[in-house]
Amino acid sequence: MDSDVRKSVTVLTSSTIAFVTCFMIWMVFAVLGLPIKQQLHLNETEFGLLTAMPVLSGSLIRVPLGIWADRFGGRIVFFLLMLVCVPAVWLLEYAHTYSQFLWIALWLGLVGGSFSVGTPYVAKWFRKERQGLAMGVFGAGNAGAALNKFLAPALIAVYGWQAVPRVYAVILLVITILFWFFSYPEPKAVNAQQPSLKAQLLLMKNPQVLKYSQLYSVVFGGYVGISLWMVSYYVNEYQFALTQAALLAACFSLPGGVLRAFGGWLSDKYGAYKVTWAVMWVCWIAFFLLSYPQTQMSIRTVSGYLNMHIGLNAIVFTVLLFVVGVALAIGKASVFKFISDEFPEDMGTVSGVVGLAGGLGGFLLPIMFGMLVDWTGIRSSSFMLMFGTVCISLIWMHFSLKNQKHQ
């Protein structure tokens, strides 16, 4: 194995492990939020806001992080970002009021911006025909959401929720140090001529960037929002214990992360448009089925009244959720294949803008899920909302990207 290949593999491996850790911490309130909700007596909307706060800061920081990654190099930006977030994770143990949890959640949520740094950093180590797969492997770090659902419930069950911030802070610090020693400055970004800041900012107005931002707000925003909401959903809808609920919720988060590499390979082979179009149709059907609420019906027949119950049991619900997780994993990779094909020299900036849109979707969805439950009393209303967003995306794709149908 020659030096360049060895370095590219090492960079991809160290960056992916770092991103797994970052994503695990970014999604921490999917599990940790439940004991905090009980402790502070939060309603569904307040709980949704708590789980979403890290997603807000991690999303807003993505654009400047992407710009800095293009200008200064992804390695140094990635390292400093993780280092800055270590104290926030540790301090979470000492929060007592709702406002304190919200402020610390904003701080530790910065770690979620790591995606817009790591994606262009990794991509620059691979040829164009391999970039989809490489970015997919790195993006598989989304599986950190599933890792959180395995690790956090075990820590809470044995040591209490205060142990989670302590353990996670130590893990983040160790991974930060290892990342620095097992990564390299990228071959082009730092030494090549850099675009002006004005040119980078103008990309935010590019119609293509806006189109991909909308698509990513569904595939990534939907993944984040559902990942944050599913543990609570299982607990309240099917009355599972926290550990069981987290395990079942991982059936969505795990394939939604690790199969992103498969989505990258599919996008390299069949093209970003065809793969994304198929993903949207799968999600459209699955969300329609998931959105149907538990219903008790009484039908008048010629021989009297027939009582019927219509609704998804936990097994069917979990299978459908697994299908959605697979589809969203592939969709996250295919949308970024659009970006690597069309913006190879500005991937940091464009991935920051698109990542911002996806992150804002992930921020808004848990809040909207909570508001819908408080307003309607129907827990499956969250999937009704997701069904509507996919309808919009299918229409948007048909008219705005129709010139790419046969590519």
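Structure: above.
Reading the values: rules and limits
- Residues numbered from 1 in each chain as written.
- Predicted model: local features only at pLDDT ≥ 70, side-chain atom pairs only at ≥ 80, totals over all residues.
- Heavy atoms only, no water.
- Helix = DSSP H or I, 4+ residues; strand = E, 2+ residues; numbered from the N terminus.
- Buried < 20%, exposed > 50% of the residue type's maximum accessible area, 1.4 Å probe, protein only.
- Polar contact = N/O pair within 3.5 Å; in protein donor to acceptor, adjacent residues only side chain to side chain.
- Contact = heavy atoms within 4.5 Å.
- 1 Å grid on protein atoms, 1.4 Å probe; cavity = no way out; pocket = protein on both sides within 12 Å on 5 of 7 lines; lining within 4 Å.
- Points joined across faces, edges and corners; volume = space filled by probe spheres on them.
- Nonpolar A, V, L, I, M, F, W, Y, C, P; charged D, E, K, R; others polar.
- Salt bridge = Lys/Arg side-chain N within 4 Å of Asp/Glu carboxyl O.
- Pairing = 2+ DSSP bridges.
- Expected span 1.5 Å × (residues − 1).
- Bend = angle between axes of the 7 residues up to and from the residue.
- Axes fitted to C-alpha atoms, helices over the stretch in contact; angles between N-to-C directions.
- Parallel < 35°, antiparallel > 145°, perpendicular 65-115°, else oblique.

K.L.:
Which residues make up the side chain of threonine 276, and what are the values?
P.N.:
Mapped onto the fold, threonine 276 is located in helix H15 (residues 272–290). You can call threonine 276 buried: its relative accessible area is 0%. Side-chain polar atoms of threonine 276 contact the side chain of serine 334, separated by 2.7 Å. Once you skip the residues sitting within four places of it in the chain, threonine 276 turns out to touch Leu215, Ser334, Val335, Phe338 and Met397.

K.L.:
How would you summarise empty space enclosed by the protein if you had to cite specific residues and measurements?
P.N.:
Under the criterion given, the structure shown has one cavity of 30 Å³ or more. Forming the boundary of the largest cavity are Tyr233, Glu237, Tyr238, Leu290, Tyr292, Pro293, Gln294, Leu312, Phe317 and Ser380. Per-element tally for the lining of the largest cavity: the top contributor is helix H12 (residues 207–238), with three residues. Class assignment of the residues belonging to the lining of the largest cavity gives a composition of seven nonpolar, two polar and one charged.

K.L.:
I'd love a proper account of the pattern of salt bridges, names of residues and values included.
P.N.:
As enumerated under the stated definition, the model contains five salt bridges in all. We note a salt bridge from glutamate 44 to arginine 379, for which the minimum N-O separation is 4.0 Å. Here arginine 379 lies in the loop between helix H17 (347–376) and helix H18 (381–400) and glutamate 44 lies in helix H3 (residues 44–60), a separation of 335 residues in the sequence. The buried category is assigned to arginine 379, whose relative accessible area is 14%. With a shortest N-O distance of 3.9 Å, arginine 379 and glutamate 237 are connected by a salt bridge. Of the two residues, arginine 379 is situated in the loop between H17 and H18 and glutamate 237 in helix H12; the sequence distance between them amounts to 142 residues.

K.L.:
Tell me about the pairing of strand E1 (residues 295–301), and please be specific about residues and values.
P.N.:
For E1 and strand E2 (residues 304–310), the ladder comprises seven bridges, and the chain directions are antiparallel. Residue pairing for E2: arginine 300 is matched across the bridge by tyrosine 305. Connecting E1 to the next strand, E2, in antiparallel fashion are two residues.

K.L.:
Please give an account of helix H8 (residues 128–139) that cites residues and values.
P.N.:
When the terminal C-alpha atoms of H8 are compared, their 17 Å separation across 12 residues agrees well with the 16 Å that a helix rising 1.5 Å per residue should span. Taken together, the buried positions of H8 are Gln131, Gly132, Ala134, Met135, Gly136, Phe138 and Gly139.

K.L.:
Report on helix H13 (residues 242–258), specifying residues and quantitative values.
P.N.:
Helix length check: H13 (17 residues) gives 23 Å between terminal C-alpha atoms against 24 Å at 1.5 Å per residue, within 8%. The sharpest bend along H13 reaches about 35° and sits at alanine 250. Listed as buried for H13 are Ala245, Ala246, Ala249, Ala250, Phe252, Ser253, Pro255, Gly256 and Gly257.

K.L.:
Explain the packing of helix H14 (residues 260–270) against H15 to me, using residue names and the numbers behind them.
P.N.:
Two elements in contact, H14 and H15, have axes separated by 7 Å at closest approach and are oriented at 130°. Classified by the angle between their axes, H14 and H15 sit oblique to one another. In this structure, H14 uses Leu266, Ser267 and Tyr270 to contact H15, whose residues at the interface are Ala272, Lys274 and Val275. Residue composition of the contact of H14 with H15, grouped by class: four nonpolar, one polar and one charged.

K.L.:
Please provide a residue-by-residue account of the side chain of serine 59, values included.
P.N.:
Secondary-structure assignment places serine 59 in helix H3. Note on serine 59: relative accessible area 0%, which makes it buried. A polar atom in the side chain of serine 59 sits 3.1 Å from the backbone oxygen of glycine 359.

K.L.:
Report on the environment of methionine 82, specifying residues and quantitative values.
P.N.:
Assignment of secondary structure puts methionine 82 in helix H5 (residues 74–91). Along the primary structure methionine 82 and leucine 320 are separated by 238 residues, whereas in three dimensions their C-alpha atoms are 35 Å apart. Other than its neighbours up to four places away in sequence, methionine 82 contacts Ala18, Cys22, Leu172, Thr176 and Phe179.

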